[in-house]
Amino acid sequence: MEECISVFDMLKIGVGPSSSHTLGPWRAAERFLNELKETNQLDKITHIKVDLYGSLSLTGKGHATDYAVMLGLSGQDPEYIPVQNIDSIIQSINKNHQIRLANSFDIPFNPEIDIVFNKNFLPFHANGMSFTAMTGDGKTTVSTFYSIGGGFVVKEERANAKKKHQIKCAFPFPIQNAAELLEYTIKENKSISEIVYANEISMRSEAEVHHELLRIWNTMLECMYIGCHSEGVLPGGLNVRRRAFDMHQNLIGLANYNSPQEWLETIRKTEVKFRQILKWVSCFALAVNEVNAALGRVVTAPTNGSAGVIPAVLMYYMVIENHKADEKQIKQFLMVAGEIGSIFKKGSTISAAMGGCQAEIGVSSAMAAGALCEVMGGSPEQVLMAAEIAMEHHLGLTCDPIGGLVQIPCIERNTMGAIKAINAAELALETDAKNAKVPLDKVIDTMWQTAKDMNSKYKETSEGGLAVAVNMADC
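Just so it is clear, the model here is predicted, and its values are computed rather than measured.

Peer 1: What's the story with the state of the cysteines in this structure? I'm lost.
Peer 2: Defined simply, a disulfide is a covalent bond joining two cysteines at their sulfur atoms. In the structure shown here, the tally under the stated rule is one disulfide. Between Cys-4 and Cys-169 runs a disulfide, and the two sulfur atoms are separated by 1.6 Å. Judged by the sign of its S-S torsion, about 100°, the bond between Cys-4 and Cys-169 is right-handed. Placement of Cys-4 in the segment before α1 (7-10) and of Cys-169 in the loop between α7 (156-164) and α8 (178-188) is noted, with a sequence separation of 165 residues between them. Judged by relative accessible area, which is 30%, Cys-4 ranks as partly exposed. Given the relative accessible area of 6%, Cys-169 is considered buried.

Structure representation (structure tokens):
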């Protein structure tokens, strides 16, 4: 089966803290409302019940899955909702026991009763959820969705249908794996970003591709800016203090900026000492994932839990490696990162509930490493080598969030993933690609086999690792 995955599928704008446990259920609720609209049932609905299964149940509270479902049913869009409105919407539902369905009319809804956390797993995927809607005349409609990572949502019957009927990708350069991507670059004498760009403009205008890529970057930049200028303790009960603010202040001091862009230019003009480089990279990554943990707006890259790696590495390139980098390099970086992520999704998984944290931080590090390698002059062979090196050193990484919150160890892991990405890119640039021993496709296959062998308690269930070794009450 040939699967077309756009850069904009891999890099989505949404609300934290989790792409699979927050953004996915939010989108699933939207899709359920659309199904009701299409069958002319929406305005007849008098009651809705939501069942969460498996990982969505086990860590759903910590990942705000219940919030996401309610916001989705309320007709809010995670890409555009003013994040400051989230608390008031949720508080109103909890207080009044009613929800404004599709932002159109009120129906009774008590989250304590109408959102059910079922610890059993559905057979198709670890992140399953069912929506049940009832009309005044007794008619019932049930729809089951699966959040498969990175904000992607599927229905089992549609996935099975894809297996039965081969779907031909409409891209001029359909890519299923790294070997095919490399073959195109050789045959067409193009860079990886040029191949990706040709695919993207086959679906959208050049102006739209330009606009959307820069919108993604500006969202990343704003997220880093907010994180570096926000103090306090993260929500959720772990009492995790925000660290990006203090780290940023120690690096550059306090100052007022009129915009994130002005802040960026100030940093680029700052003389960065060698020993400060890793601190800056860590600061950028921490900033993003602290915003994510606080239900802020981030770019899923490829997930929310790993959203800090790619922005941090791109910022590293702009403020350390190339002060003259402009929109061209930004777009180039994002396109390469998105393509590498899509290859991992096709060949393995980007869901921690299926593959552990290697599927999130590992994949994001590989995406960032390959992207950095290209903008620093690497050949397509070196770009794929950089991605392979980064992933190779994340194999087997478990997902064991304390309290089911995307905070410990998730936030720090983004800094580690970013630093490994930079190291991987540098290693690839200094290596003759002919001497590569492990193709990227092999490491992707190995990642998938590792995911299948991994004990389920290390797959975003909070039933193993740090999640049980550390008592949340002691934090």
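Peer 1: What should I look at first to understand the nonpolar core in this one?
Peer 2: Soluble globular proteins: nonpolar side chains tend toward being buried together. Counting residues in hydrophobic clusters, the biggest one holds 111 residues, and the most contacted among them are Trp-217, Trp-263, Ile-310, Met-315 and Leu-334. The residues contacting Trp-217, other than those within four sequence positions of it, are Met-224, Leu-264, Leu-314, Met-315, Met-318, Ile-330 and Leu-334. One finds Val-69, Ala-102, Phe-109 and Val-153 within the second-largest nonpolar core, a separate group that totals 36 residues.

Peer 1: Whenever I open this one, the pairing of strand β2 (residues 45-53) confuses me. Can you help?
Peer 2: The side chains of a regular strand alternate between both faces of the sheet. Across seven bridges, β2 lies against strand β6 (residues 128-135) in antiparallel orientation. Its bridge partner being in β6, Val-50 is matched across the sheet by Phe-131. In terms of strand pairing, β2 meets strand β5 (residues 115-118) through four bridges, oriented parallel. Paired with Leu-52 across the bridge in β5 is Phe-117.

Peer 1: Before we go on, may I ask you to explain the environment of Ala-307 in this structure?
Peer 2: Take Ala-307: it is sitting in the loop between β9 (297-300) and α14 (309-321). The exposure class assigned to Ala-307 is buried, which follows from its relative accessible area of 1%. Residues Ala-307 and Gln-176 lie 131 residues apart in sequence; the distance between their C-alpha atoms is 24 Å. Each residue touching Ala-307, except ones within four places of it in the same chain, is listed here: Val-288, Asn-289, Val-298, Val-299 and Asn-414.

Peer 1: How should I be thinking about empty space enclosed by the protein in this particular structure?
Peer 2: Over the atoms rolls a probe the size of a water molecule, and its path tells where empty space is left. Per the stated rule, a full pass over the model turns up two cavities of 30 Å³ or more. Taken as a whole, the largest cavity encloses approximately 130 Å³ of empty space. If you trace the largest cavity, you find 17 residues lining it, with Gly-305, Glu-360, Cys-399, Val-406 and Cys-410 closest to the centre. When grouped by side-chain class, the residues that make up the lining of the largest cavity number 10 nonpolar, three polar and four charged. Roughly 40 Å³ of internal volume is contained in the second largest cavity. Taken together, Cys-228, His-229, Phe-245, His-248, Gln-249, Gly-253, Leu-254, Ala-255 and Tyr-257 form the lining of the second largest cavity. Broken down by element, the lining of the second largest cavity gets its largest block of residues, three residues, from helix α11 (residues 244-252). Its residues assigned to classes, the lining of the second largest cavity comprises five nonpolar, four polar and no charged.

Peer 1: Can you help me understand the side chain of Asn-304 in this one?
Peer 2: Within the fold, Asn-304 resides in the loop between β9 and α14. Leaving out residues up to four positions away in the same chain, Asn-304 has contacts with Val-15, Gly-16, Pro-17, Ser-18, Ser-19, Asn-289, Asn-292 and Val-298.

Peer 1: Quick question: what am I supposed to make of the sheet that holds strand β8 (residues 152-154) here?
Peer 2: Pairing within the open sheet is mixed, and its five strands lie in the order β5-β2-β6-β7-β8. In this open sheet, the two edge strands, each paired with only one partner strand, are β5 and β8. Here the strands of the sheet are splayed against their neighbours by 25° on average, with no regard to which way each runs. Here helix α2 (residues 19-38) sits on the sheet and contacts β2, β6, β7 (140-149) and β8; the angle it forms with β7, its principal contact strand, is near 150°.

Peer 1: Honestly, helix α15 (residues 327-347) in this entry has me stumped. Any pointers?
Peer 2: An α-helical turn contains 3.6 residues, so any two residues separated by three or four positions project in the same direction. For α15, spanning 21 residues, the distance from its first C-alpha to its last is 31 Å, which sits close to the expected 30 Å at 1.5 Å a residue. The buried fraction of α15 is high, at 17 of 21 residues. Between a side-chain oxygen at the N-terminus of α15 and the backbone nitrogen of Lys-328 the separation is 3.0 Å; the capping residue is Asp-326.

Peer 1: What am I meant to see in the side chain of His-21 here?
Peer 2: Relative to the helices and strands, His-21 is located in helix α2. The exposure class assigned to His-21 is buried, which follows from its relative accessible area of 0%. Not counting residues within four places of it along the chain, the set of residues in contact with His-21 comprises Ser-55, Leu-56, Thr-59, His-63, Thr-65, Asn-127, Ala-353 and Glu-460.

Peer 1: How do you make sense of the environment of Ala-198 when you look at a structure like this?
Peer 2: Position of Ala-198 relative to the elements: it lies in helix α9 (residues 192-200). Through-space distance from the C-alpha of Ala-198 to that of Phe-171 is 8.2 Å; in sequence the pair is 27 residues apart. Ignoring sequence-local partners within four residues, the contact set of Ala-198 consists of Pro-172 and Phe-173.

Peer 1: I would appreciate a short explanation of the packing of aromatic side chains in the present structure.
Peer 2: Going through the model one piece at a time under the given rule, you end up with eight aromatic pairs. Between Phe-32 and Phe-131, the aromatic rings sit 5.3 Å apart at their centres with planes inclined by 25°, giving stacked as the arrangement. On the criterion of sequence distance, the pair formed by Phe-32 in helix α2 and Phe-131 in strand β6 is long-range, its members being 99 residues apart. On the basis of relative accessibility, which here comes to 0%, the residue Phe-32 falls in the buried class. Geometrically, the ring pair formed by Tyr-225 and Tyr-257 is edge-to-face, given 6.4 Å between the ring centres and 80° between the ring planes. Taken together, the residues span a long stretch of sequence, with Tyr-225 in helix α10 (residues 206-228) and Tyr-257 in the loop between α11 and α12 (260-268) at a distance of 32 residues. Accessibility expressed as a relative area gives 17% for Tyr-225, which makes it buried. The buried category is assigned to Tyr-257, whose relative accessible area is 11%. The ring of Phe-152 carries Lys-345 above its face, with NZ or CZ at 4.4 Å from the centroid.

Definitions and limits used
Residues numbered from 1 in each chain as written. Predicted model: local features only at pLDDT ≥ 70, side-chain atom pairs only at ≥ 80, totals over all residues. Heavy atoms only, no water. Disulfide = S-S within 2.5 Å. Helix = DSSP H or I, 4+ residues; strand = E, 2+ residues; numbered from the N terminus. Buried < 20%, exposed > 50% of the residue type's maximum accessible area, 1.4 Å probe, protein only. Core = buried A, V, L, I, M, F, W, Y, C linked by side-chain atoms within 4.5 Å. Contact = heavy atoms within 4.5 Å. Pairing = 2+ DSSP bridges. 1 Å grid on protein atoms, 1.4 Å probe; cavity = no way out; pocket = protein on both sides within 12 Å on 5 of 7 lines; lining within 4 Å. Points joined across faces, edges and corners; volume = space filled by probe spheres on them. Nonpolar A, V, L, I, M, F, W, Y, C, P; charged D, E, K, R; others polar. Axes fitted to C-alpha atoms, helices over the stretch in contact; angles between N-to-C directions. Expected span 1.5 Å × (residues − 1). Polar contact = N/O pair within 3.5 Å; in protein donor to acceptor, adjacent residues only side chain to side chain. Phe/Tyr/Trp six-rings, centres within 6.5 Å; stacked < 30°, edge-to-face > 60°. Lys NZ or Arg CZ within 6 Å of the ring centre and 35° of its normal.

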